[in-house]
Amino acid sequence: MAAWTPDQPMVRLRDVHKSFGQSEVLKGISFEVMKGEVICIIGPSGSGKSTLIRSINALVPINSGSITVEGQEVNDPAVDKLALRRKVGMVFQQYNLFPHRTALQNIMMAPIHVLKQDRSEVEARARALIRKVRLEGKEDTYPGELSGGQQQRVAIARSLAMRPDLMLFDEVTAALDPETVKEVLVTIRELAREGMTCILVTHEMGFAREIANRIYFTDQGVIVEHGSPQEILDHPREARTKAFLEQVL
Amino acid sequence: MQEIADWFRSLYETTGLNFTIFYDPYDAWQFARGVGMTVYLSVVSILICLVVGVIGAWLQSSGIKVVRGVIEIFVVIFRNTPPLVQIFFFYFGMGELLPANYNDIGLREPLLSNVQWAIISLSLFAGAFNIEIFRSGIEAVPDTTVEAAEALGYTRLGVYRHVVLPLALRVCLPALNNNLVNLLKTTTLAYAIAVPETLYATTQIWAESQNVTEMMFVLLATFVLLVGVLVWVMHRWERSLRIPGFGR
């Protein structure tokens, strides 16, 4: 297979199916994301959004179909999952910081343990990331002492410390207080503006409108429709999209 | 030191309470050696049983069924049999199976000494409990935390070493504490295979000096003290592992 080049899709899903027992949660999902694009996936709960985003870094194995990241097939038993995950950063709804390590250590752990990088170099980068997510002074604070929004920004910095090519955001503001949602969104917006390729599952429609190149509306395991933010949010064609948007907007 | 010895000697002469270990150099030496052996058995067994627990708990989550089965059987055997029976099993049962040398006058010199068998037996006994204790801690670590580590590219061993184990340890320390205290007390069973630990030394002393009652008190006080030291060390450890904003 030819090596991946940036003019090809960075992420390509083809007819992805996934079942948990009897219930099929992904029923043939296909889409493509180019380098530097920001994609938002919206839809009602239980529509398979989280499963979809987790399948991209092989946290959830799929039943059939194809997922490639930078030309590498993810749905292949022989795939080097660890190498894949080093390229793909992920941020979770529940932050999932390591509670026994300080904010700075959380950011430094994976580059040192996984990438075997030099500690002093990693520390310099981690301190720069702390500044980037506006948490100066919180370096030596433990996750349990931080607010949700602060924890989530540490989690974003932790992912960025691995210098990923692609970032996955799984409803990262869903567990936050309304007033702290903004600080996290500001961080993600900066990332997107810097050209980071991002796939977001989100319920923040205003944010999706502002940041996304394309929005995909999913319901019951299929992509109902997709298009620019204006097309999906202002002029939805499908009845299901309209009904969903009426409820959330 | 001389004052203490004199005081206990006069105590014996005036009241008949005979604490030989405080004024008789031979008894003192014998007793000190016994306590030294108890400390040695305890420290070595504690270290080995912790390793057994950490590795066993890791293997328990292995993807290979046979490995999990072996750990399961190991835990059942050592949890469901009395520790004294285990010590006898190793010393008399396994000891016979191992090859041995014979010295110049034809006496059998076993490969492992009674002290070594005691350490093996006690370590596996406490290790089996540690496996279960660590497992309870591991199960308390949220799957989502493990998932976050996986998403960062950690290997299974990396997740265990850097994330799961440090968190599990904090959860299971109270239970671990109990097990290690139990282990220290169980070292007295090595008496049965003539390991010269505290209980053994004490019985030697009272057999010669005819001071059973006095030595019983000394024995109790000694273990209260030894366990006290262990508990103090464990609490120090627990405190040093405490994470701000985590748990209580």
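Scroll up a little and you will see the structure.
Residues numbered from 1 in each chain as written. Chains lettered and ligands numbered in written order. Predicted model: local features only at pLDDT ≥ 70, side-chain atom pairs only at ≥ 80, totals over all residues. Heavy atoms only, no water.

Chemist: Sorry if this is basic, but what is going on with the sheet that holds strand 7 (residues 166-170) of chain A here?
Modeler: Neighbouring strands of a sheet are bound in pairs by backbone hydrogen bonds; such pairs are parallel or else antiparallel. Residues and elements named next belong to chain A. The sheet built from six strands is open, its strands ordered 6-7-8-3-9-10 with mixed pairing. Each end of this open sheet is capped by a strand with a single partner; those strands are strand 6 (88-91) and strand 10 (222-227). Between one strand and the next, the sheet's axes are offset by a mean angle of 20°, whatever the strand orientation. In this structure, strand 9 (residues 214-219) lies alongside strand 10, joined through five bridges in antiparallel fashion. Counted as the bridge partner of Phe-217 is Glu-225 from strand 10. (Pairing = 2+ DSSP bridges. Helix = DSSP H or I, 4+ residues; strand = E, 2+ residues; numbered from the N terminus. Axes fitted to C-alpha atoms, helices over the stretch in contact; angles between N-to-C directions.)

Chemist: Mind showing me how you'd approach the interface of chain B and chain A here?
Modeler: Accessible area lost upon the coming together of the parts is a frequently used measure of interface size. Residue-level contacts link 20 residues of chain B with 24 residues of chain A. Here chain B meets chain A over a buried area of about 1900 Å², counting both sides, of which 68% is carbon and sulfur. Together, Ala-151, Leu-152 and Tyr-154 of chain B form the three largest contributors to the area buried by chain B at its contact with chain A, with a combined 31%. At the boundary of chain B and chain A, one finds one salt bridge. Ionic pairing is found between Glu-147 of chain B and Arg-54 of chain A, a salt bridge with its closest N-O pair at 2.7 Å. (Contact = heavy atoms within 4.5 Å. Buried area = accessible area lost by both parts, 1.4 Å probe. Salt bridge = Lys/Arg side-chain N within 4 Å of Asp/Glu carboxyl O.)

Chemist: Even after reading the chapter, I still don't get the environment of Glu-109 of chain B, so can you show me in this structure?
Modeler: Residue and element names in this part refer to chain B. Position of Glu-109 among the secondary structure elements: in strand 2 (residues 108-110). The sequence separation of Glu-109 and Pro-99 amounts to ten residues, and the corresponding C-alpha distance is 9.4 Å. Ignoring sequence-local partners within four residues, the contact set of Glu-109 consists of Ala-100, Asn-101 and Asn-103.

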